[in-house]
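Results of the structural survey
Each chain, written out:
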Amino acid sequence: MTGIETTIVTALTNNFIGQMIKSGWEGINKNELLNKDVGQLIKEGKYLFLREYTQRYWDRHGMIKVLKMSKPMDLESIYVNVKCLGNLVRDYYDENLENKYRESKQRRFNFRDDGKKDGLLLANQEQYLMVLGDPGIGKSTFLRKVGLEALKGNKDSYQHPLTPVLLELKNFKENEINIQALIEEEFKICGFPNVEKNISNKLEKGELLILLDGLDEVPTANVNNVIEKIKDFVDRHYKNRFILSCRTAARTHLQRFTDIEIVEFDDQQIQSFIEHWFSSELDRKNETAKNCWELLQKEEYKSAKELAHTPLLLTFLCLVYDENQSFPTNRSRLYQDALRILLEKWSAEKRLPNRGLVYENLSIEQEEILLSEIAYQNFVADKLFLEKREIVKQIKDHLKQNLNAPQHLDGEKVLKTIEIEQGILVERARDVYSFSHLTLQEYLTAQYIYDNDLIEEAVKNYVTETRWQEVFLLVAGLMRGRGKADKLLLAMEKEAHNYLKTPLGQKLVPILQWADEMTKDSVDSSIKPVGRRAIAYWLFIANANVTANANFIVTANANFIGIAITNSIYIANAYAPEITYKISRIFFTPKLIDEFVQLVNLFAQNRIISKVNFSQLIADLEAFKQIIPDDKATKKEHQEFADRLVKRWNTAFNLTPKLLKLSTYKFDDINKHYFYINHLILDCQKVAVNISPTVWQEIEERMLRIS
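Structural notes, computed from the coordinates. (Residues numbered from 1 in each chain as written. Predicted model: local features only at pLDDT ≥ 70, side-chain atom pairs only at ≥ 80, totals over all residues. Heavy atoms only, no water.)

With that out of the way, let us pick up the side chain of Ser436. Along the polypeptide, Ser436 turns up in the loop between β12 (432-435) and α21 (438-451). Given a relative accessible area of 8%, Ser436 falls into the buried group. (Helix = DSSP H or I, 4+ residues; strand = E, 2+ residues; numbered from the N terminus. Buried < 20%, exposed > 50% of the residue type's maximum accessible area, 1.4 Å probe, protein only.)

Here you go:
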């Protein structure tokens with residue numbers, strides 16, 4: 001045992017002894033405990049059972065080891081207070097969940113944050129508490145925490161001086177269940193004297209905190225029997241305090257109990273958990289927690305962060321980060337592992353005795369196929385919240401077609417089993433379901449596309465819809481065979497090229513031809529041709545905007561630049577970040593001509609554009625600095641100066657008025673289609689495991705070109 005654990009157990013023991021002195025236990029000499037040093041008595045071999053009980057409770061319920069933890073962690077070091085709702089939203093009808101979700105503008109399906117209360121506060125308030133929640137939300141951990149707080153006697157957290165006893169209901173397998181005998185067994189194992197008489201006395205006085213963990217984990221055949229036994233026991237020993245946990249989907253109404261539901265972690269809880277997890281001296285020195293949290297804030301990991309709102313999956317993410325000091329670029333493997341945790345690993349680790357097949361022939365692999373079909377069909381329909389009858393029909397149709405299930409199969413029962421056992425499908429309001437995480441629906445949708453070879457169809461129909469972006473990235477990550485991702489990238493390239501055949505795409509053609517012509521002879525540049533073309537296009541956009549703005553020196557159109565060229569900026573930045581940054585500053589500084597000169601120098605040094613006399617252009621720009629109108633100049637004089645400067649710049653880069661005539665809305669549309677697709681191609685190439693080098697080289701050579 002570590003020094004910290006010894007300190008904790010000693011503190012628990014001292015308080016437990018105080019409880020025993022106060023409440024009494026036949027066979028314990030109160031005067032001896034009061035008048036002698038307890039530590040010395042234990043060293044002498046007396047009252048060892050007092051320490052043994054706290055040691056046993058700590059060993060069984062104060063240490064956590066789940067998933068791939070290399071060693072257990074003490075609950076105290078990583079625990080984050082849970083928050084609960086007193087009224088279960090899913091008990092009510094709500095036909096507008098889809099609209100409410102869209103209006104919330106976030107990825108989380110559990111977007112309700114009002115009415116939450118601290119779990120320990122509710123445990124203090126309620127004598128009989130039913131703690132509900134989805135799989136992996138922290139129900140069992142919460143019960144163990146309350147028990148530890150009671151054992152510590154810390155009135156700042158748990159205010160009732162009671163002795164905690166925790167029973168795991170998954171072990172209630174027999175028809176004859178004697179809850180009192182099971183409580184007595186906890187004390188007998190530790191060597192307490194006169195257990196039967198003393199426990200009866202404590203139950204009579206109401207001196208126990210009885211924690212019953214996992215009503216949903218009771219073997220199915222014995223559930224009703226166990227519920228009746230619990231009701232009878234609570235009625236008989238009503239003076240004690242009881243906390244019962246159960247998955248929300250399997251909840252049963254117990255008359256005395258107040259139902260509360262543990263809700264997902266919010267951002268503050270996630271950050272706190274990460275700080276607790278990475279709290280070693282080395283982690284503090286390396287700022288591991290800070291780095292992990294900041295990585296989850298990045299746009300590319302927004303889907304991973306969504307998983308972090310579930311404590312079990314947040315634990316998984318911490319384990320991944322602890323091993324690699326990062327999260328994988330290919331997120332499909334990450335989400336696949338998260339899905340498997342919910343499908344099988346969590347139940348297996350808890351050794352649940354009744355966890356068999358959801359349906360007699362439905363293996364975990366087949367269940368994943370079923371879920372992927374449901375995910376895909378509803379994602380195509382742009383439906384994130386699904387009516388119960390629709391899901392039941394999809395389940396029945398799938399099982400009939402793939403596993404030869406009978407027509408009268410109870411699809412509703414299969415749905416309920418999936419909901420209870422894994423929590424991947426969750427009832428959000430009465431008879432309205434969603435996937436537990438949008439991330440998992442996206443992953444399963446990608447899995448369906450890959451498994452059913454629907455890549456070209458999906459690209460053709462959805463490649464420019466931003467809600468499909470994560471799906472395509474996951475498809476790219478799933479295509480692990482050599483050269484397999486080629487098909488996806490080539491299909492995307494085809495759609496980008498097809499856009500150039502549209503009326504608006506046709507207007508882009510001469511601009512791409514200009515960019516290609518201006519950069520193609522720069523063969524000794526360190527920047528790839530596609531990068532040079534992207535920079536040239538960006539320069540064109542900026543020039544077109546300046547040309548259209550009469551007072552560009554004073555009032556640069558920053559909002560337009562940010563909206564209209566987001567994706568072209570990304571492409572340019574992928575190949576030449578320093579120059580991209582420089583162009584991004586060019587219209588946001590009062591020292592405009594100086595910035596122009598610096599930019600021209602960068603173009604010359606990096607040999608980006610080959611058809612410009614840079615020496616002459618720099619000389620002309622320096623000359624313009626001598627004739628900048630001062631504050632006393634008229635608006636007309638400022639306008640004339642601006643026109644001359646723009647004309648000189650455009651002439652140098654061969655930007656004719658005809659080429660510059662595209663309007664703002666046309667830039668925006670082009671960005672959302674043509675450049676968005678090329679942006680997505682680059683992102684998919686990054687996460688794809690295996691791409692043919694020859695195919696990728698050919699795609700790069702054709703990117704942002706007409707042929």
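Back to the text.
Spatially, β10-β12-β11 is the arrangement adopted by the three strands of the open sheet, whose pairing is antiparallel. Of all strands in the sheet, those with a lone pairing partner are β10 (386-387) and β11 (425-429), marking the two edges. (Pairing = 2+ DSSP bridges.)

The contact between helix α18 (residues 364-380) and helix α19 (residues 388-403) brings their axes to 10 Å, and the two run at 130°. The angle between α18 and α19 places the two elements in the oblique class. For the pair α18 and α19, the crossing hand works out as right-handed. Facing α18, whose interface residues are Gln366, Ile369, Leu370, Glu373, Ile374, Gln377 and Asn378, α19 presents Ile391, Gln394, Ile395, His398 and Leu403. (Axes fitted to C-alpha atoms, helices over the stretch in contact; angles between N-to-C directions. Parallel < 35°, antiparallel > 145°, perpendicular 65-115°, else oblique. Left-handed = near helix turned anticlockwise from the far one by under 90°. Contact = heavy atoms within 4.5 Å.)

Attention now goes to the environment of Tyr93. Position of Tyr93 among the secondary structure elements: in the loop between β3 (83-85) and α6 (97-104). Residue classification places Tyr93 among the exposed positions, given a relative accessible area of 58%. Separated by 339 residues in the primary sequence, Tyr93 and Val432 have C-alpha atoms spaced 8.0 Å apart. Once you skip the residues sitting within four places of it in the chain, Tyr93 turns out to touch Arg430 and Asp431.

Judged by how many residues are buried, strand β5 (residues 128-133) sits mostly within the fold: six of six residues are covered. Burial along β5 is two-sided: the face carrying Tyr128, Met130 and Leu132 and the face carrying Leu129, Val131 and Gly133 are both buried. Of the pairings in the sheet, the one linking β5 to strand β8 (residues 241-247) comprises six bridges and is parallel in character. Bridge pairing in β8 links Met130 to Leu244. Pairing of β5 with strand β9 (residues 258-262) involves four bridges; the strand directions are parallel.

Here the focus is the pattern of salt bridges. Applying the stated criterion across every chain, the model contains 47 salt bridges. Between Arg144 and Asp213 there is a salt bridge, and its shortest N-O distance comes to 3.0 Å. Remark: Asp213 occurs in strand β7 (residues 208-213) and Arg144 occurs in helix α8 (residues 139-152); sequence separation between them is 69 residues. Overall, Arg144 belongs to the buried group, its relative accessible area being 11%. Here Glu465 and Arg467 are joined by a salt bridge, their closest N and O atoms 3.3 Å apart. Members of the salt-bridge network, linked through shared partners, are Glu98, Arg102, Asp382, Glu465 and Arg467. (Salt bridge = Lys/Arg side-chain N within 4 Å of Asp/Glu carboxyl O.)

What helix α22 (residues 455-462) keeps buried is the set Ile455, Ala458, Val459 and Tyr462. Projected down its long axis, α22 shows its buried positions confined to an angular sector of 100°, all on one face. Within α22, the exposed residues directed more than 90 degrees away from the buried face are Glu456 and Lys460. For α22, the elements touching its buried residues are α18, α21, α23 (469-478) and α24 (486-499). (Arc of directions from axis to C-beta.)

Along α23, nine of the 10 residues are buried, which leaves the element largely enclosed by surrounding structure. Within the sequence span of α23, burial applies to Glu470, Val471, Phe472, Leu473, Leu474, Val475, Ala476, Gly477 and Leu478.

Below, the discussion takes up the pairing of β7. In terms of residue burial, β7 counts as a mostly covered element, since six of its six residues are buried. Side chains Leu208, Ile210 and Leu212 project from β7 onto one buried face, and the interleaved Leu209, Leu211 and Asp213 project onto a second face that is buried too. Judged from the six bridges that link them, strand β6 (residues 163-168) and β7 form a sheet pairing that is parallel. Residue pairing in the sheet places Glu168 in a bridge with Asp213 of β7. Pairing between β7 and β8: four bridges, direction parallel. Looking across to β8, one finds that Leu211 is bridged to Ile243. With helix α11 (residues 223-236) bridging β7 and the parallel β8, this β-α-β connection has right-handed handedness. (Right-handed = clockwise from strand over helix to strand, strands pointing away.)

We note that Asn194 has phi near 50°; this positive angle belongs to a residue other than glycine. Within the fold, Asn194 resides in the loop between α9 (179-189) and α10 (195-205). Given a relative accessible area of 38%, Asn194 falls into the partly exposed group. Phi is positive for Asp453, close to 55°, though the residue is something other than glycine.

Proteins that are soluble and globular tend to have nonpolar side chains buried together. One finds Phe192, Phe472, Phe540, Phe603 and Phe653 to be the most contacted residues of the largest nonpolar core, which totals 243 residues. Examining the composition of this core, we find that 11 residues originate from one element, helix α33 (residues 664-687), more than from any other. Filtering out sequence-adjacent residues up to four positions away, Phe603 remains in contact with Ile535, Leu539, Ile579, Ile583, Ile608, Ile609, Phe614 and Phe653. (Core = buried A, V, L, I, M, F, W, Y, C linked by side-chain atoms within 4.5 Å.)

Let us look at the sheet that holds strand β4 (residues 117-118). Here we have seven strands laid out as an open sheet, ordered β4-β3-β9-β5-β8-β7-β6, and mixed in their pairing. Looking along the sheet, the strands with just one partner apiece sit at the ends: β4 and β6.

Looking now at the packing of aromatic side chains. Scanning the entire structure with this criterion turns up 30 aromatic pairs. Here the aromatic rings of Phe379 and Trp468 are separated by 4.9 Å at their centres, their planes lie at 80°, and the arrangement is edge-to-face. One end of the pair, Phe379, is in helix α18; the other, Trp468, is in the loop between α22 and α23, and 89 residues separate them in sequence. In this structure, Phe379 and Trp468 share a single accessibility class: buried. Relative to Phe653, the ring of Phe603 lies with its centre 6.1 Å away and its plane at 75°, an arrangement referred to as edge-to-face. Of the two residues, Phe603 sits in helix α30 (residues 592-605) while Phe653 sits in the loop between α32 (635-652) and α33, which places them 50 residues apart along the sequence. As far as burial versus exposure is concerned, Phe603 and Phe653 are alike and both buried. Chaining the aromatic ring pairs together yields one cluster made of Phe16, Trp25, Phe49, Tyr53, Phe187 and Phe192. Above the face of the Phe379 ring, Arg467 is positioned so that its terminal group lies 4.9 Å from the ring centre. (Phe/Tyr/Trp six-rings, centres within 6.5 Å; stacked < 30°, edge-to-face > 60°. Lys NZ or Arg CZ within 6 Å of the ring centre and 35° of its normal.)

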